[in-house]
Amino acid sequence: MARSGGTTNHSHHGSAFVAGVAAFATWGLVPIYWKLLTSVPAPEILAHRFVWTIVFLGLLLSWQQRWREVIGNARSRRSALFCLGSGVMVGLNWLLFIWAVNIGHVLETSLGYFMTPLVNVLLGAIILRERLSAWQIASILIASVAVCILAFGYGHFPWIALGLCTSFGLYGLLRKQSGTAAIPGLFLETMFLLPLALIYLVLLAGRGALTFGPSHLSVSAILMTTGIVTAVPLVWFGYAARHLRLVTIGFLQYLSPSISFILGLFVYHETFTRQHF
């Protein structure tokens with residue numbers, strides 16, 4: 001039985017590692033998608049993300065017949081509170097990221113996600129008591145020096161980067177602490193903030209300021225796919241966060257800002273300084 005358990009754990013670890021790589025690679029490329037929605041205000045995009053993510057996850061949960069898990073997690077005070085906290089953190093992270101990308105600050109979002117693994121590793125070591133190997137400590141020190149050089153040489157206080165790394169670092173910690181499976185947990189954390197999203201969209205519609213409907217067909221179609229773009233990598237991340245150490249998640253996360261950095265520099269031609277180099 002012990003051997004079987006070990007094999008199962010090893011299998012989970014391998015698939016969780018692949019899920020983590022897929023999630024962070026997708027997030028690295030996602031600025032391409034958000035650039036398609038530059039005509040839509042960031043708060044409205046965020047509200048649509050909550051609505052269409054719930055729709056997509058609801059269909060997925062029905063297909064997999066997993067509503068009992070959702071109900072069980074909702075009845076657990078611990079799981080519900082952690083999902084509420086993670087929902088707030090990911091909502092703040094989404095809003096700041098979308099706004100920054102659409103005003104041309106992809107490189108600063110890249111800095112934020114270069115800083116996030118340091119936050120993850122610190123949270124894992126301090127709060128979860130995860131041990132670091134000598135090589136991991138050396139890697140973190142090198143990365144810390146690089147981030148400090150970039151942050152201090154940025155030309156202004158990198159508050160976008162700081163907000164992104166703090167919110168997503170706390171999201172990873174709360175997501176791991178919730179103990180919920182990837183899809184039910186994501187559904188819960190999104191559901192808690194859905195009423196605010198719906199109220200905001202109704203208010204926009206009442207003022208005639210909603211960028212959705214027959215007069216905005218192409219933009220509306222893209223907005224409806226925000227559920228898939230949001231949910232799929234978050235499901236992968238949730239699975240990875242549940243089965244991998246937070247320290248491992250931290251190192252994997254360098255994929256995302258590295259890809260975004262390349263996009264900001266070579267695709268969107270943002271300013272590249274000596275400090276960036």
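Criteria and thresholds
For every chain, the first residue of its written sequence is number 1, and the numbers climb from 1 along that sequence. Note on the predicted model: pLDDT of at least 70 is required for a residue's local features to be given, and 80 or more for side-chain atom pairs to be given and counted; whole-chain, interface and lining totals, by contrast, use all residues. With hydrogens and water excluded, all non-hydrogen atoms of the structure serve as input to the side-chain values. We count a stretch as a helix when DSSP gives it H or I for four or more residues in a row; a strand needs E for two or more, and each element gets its number in order from the N terminus. In this description the radius of gyration comes from C-alpha coordinates, and the expected globular size is given by 2.2 Å times residues to the power 0.38. Residue-level accessible areas treat just the shown protein chains as cover; the underlying method is Shrake-Rupley with a 1.4 Å probe. The charge count includes Lys and Arg as positive and Asp and Glu as negative, but it does not include His or the ends of the chains. For charged residues, the charge sits on one atom: NZ in Lys, CZ in Arg, CG in Asp, CD in Glu. To estimate how far a helix should reach, multiply one less than its number of residues by 1.5 Å. Where helices are involved, their axes are fitted lines through C-alpha atoms of the stretch in contact, as for all axes, and angles between N-to-C directions lie from 0 to 180°. Angular relationships are summarised with four words: roughly parallel below 35 degrees, roughly antiparallel beyond 145, roughly perpendicular across 65 to 115, and oblique for the angles in between. Left-handed is the label given to a crossing in which the near helix is rotated counterclockwise from the far helix by less than a right angle, and right-handed is the label when the rotation is clockwise. We call two residues in contact when some of their heavy atoms are within 4.5 Å. Note on residue classes: Ala, Val, Leu, Ile, Met, Phe, Trp, Tyr, Cys and Pro are nonpolar, Asp, Glu, Lys and Arg are charged, and everything else, Gly too, is polar. For salt bridges, the criterion is a side-chain nitrogen of Lys or Arg within 4 Å of an Asp or Glu carboxyl oxygen. Throughout, exposure labels follow a simple rule: accessible area from a 1.4 Å probe, protein chains only, divided by the maximum for the residue type, with under 20% read as buried, over 50% as exposed, and the rest as partly exposed.

Looking only at helices and strands, one finds 13 helices and zero strands in the protein. When the helices and strands of the protein are placed in sequence order, the string is α-α-α-α-α-α-α-α-α-α-α-α-α. A globule of 277 residues ought to have a C-alpha radius of gyration of about 19 Å, and the protein, at 19 Å, matches this closely. Here the protein displays about 13,600 Å² of accessible surface, and carbon together with sulfur accounts for 71% of that area. A distance of 12 Å separates the average location of the 16 positive side-chain charges in the protein from that of its 6 negative side-chain charges.

This part takes up helix H5 (residues 77-102). In this model H5 runs 38 Å from its N-terminal to its C-terminal C-alpha over 26 residues, within 8% of the 38 Å that 1.5 Å per residue would give. Gly-104 occupies a position one or two residues after H5 and carries a positive phi of about 85°.

Between helix H4 (residues 67-75) and helix H9 (residues 182-206), whose axes approach to 9 Å, the crossing angle comes to 55°. When the axis of H4 is compared with that of H9, the two are oblique. Where H4 crosses over H9, the handedness of that crossing is right-handed. Residues Trp-67, Glu-69, Val-70, Asn-73 and Ala-74 of H4 form the contact with H9, whose participating residues are Pro-184, Phe-187 and Leu-188. Here the contact of H4 with H9 is built from residues that sort into six nonpolar, one polar and one charged.

What follows concerns the pattern of salt bridges. Applying the stated rule across the entire model yields two salt bridges. Here Glu-189 and Arg-175 are joined by a salt bridge, their closest N and O atoms 3.5 Å apart. You can see Glu-189 sitting in helix H9 and its partner Arg-175 sitting in helix H8 (residues 159-178), a full 14 residues away along the chain.

Turning next to the environment of Pro-43. Its place among the elements puts Pro-43 in helix H3 (residues 42-64). Sequence spacing of Pro-43 and Tyr-254 is 211 residues, and the spatial spacing of their C-alpha atoms is 27 Å. In this view, Pro-43 contacts Leu-95 and Tyr-200; residues no more than four positions away in its chain are not counted.

Here we come to the environment of Ile-140. Structurally, Ile-140 is set in helix H7 (residues 134-152). The spatial distance from the C-alpha of Ile-140 to the C-alpha of Leu-118 is 6.9 Å, given a sequence separation of 22 residues. Look past the residues within four positions of Ile-140 in its chain and what remains in contact with it is Leu-118, Val-121 and Phe-251.

This paragraph deals with unusual backbone geometry. Positive phi, close to 55°, is recorded for Gln-65, a residue that is not glycine. With respect to the secondary-structure elements, Gln-65 resides in the loop between H3 and H4. Residue class for Gln-65 comes out exposed when judged on its relative accessible area of 71%.

Note on placement: Leu-265 falls in helix H13 (residues 255-267). With sequence-adjacent residues up to four places away left out, Leu-265 is seen in contact with Leu-107, Glu-270 and Phe-272.

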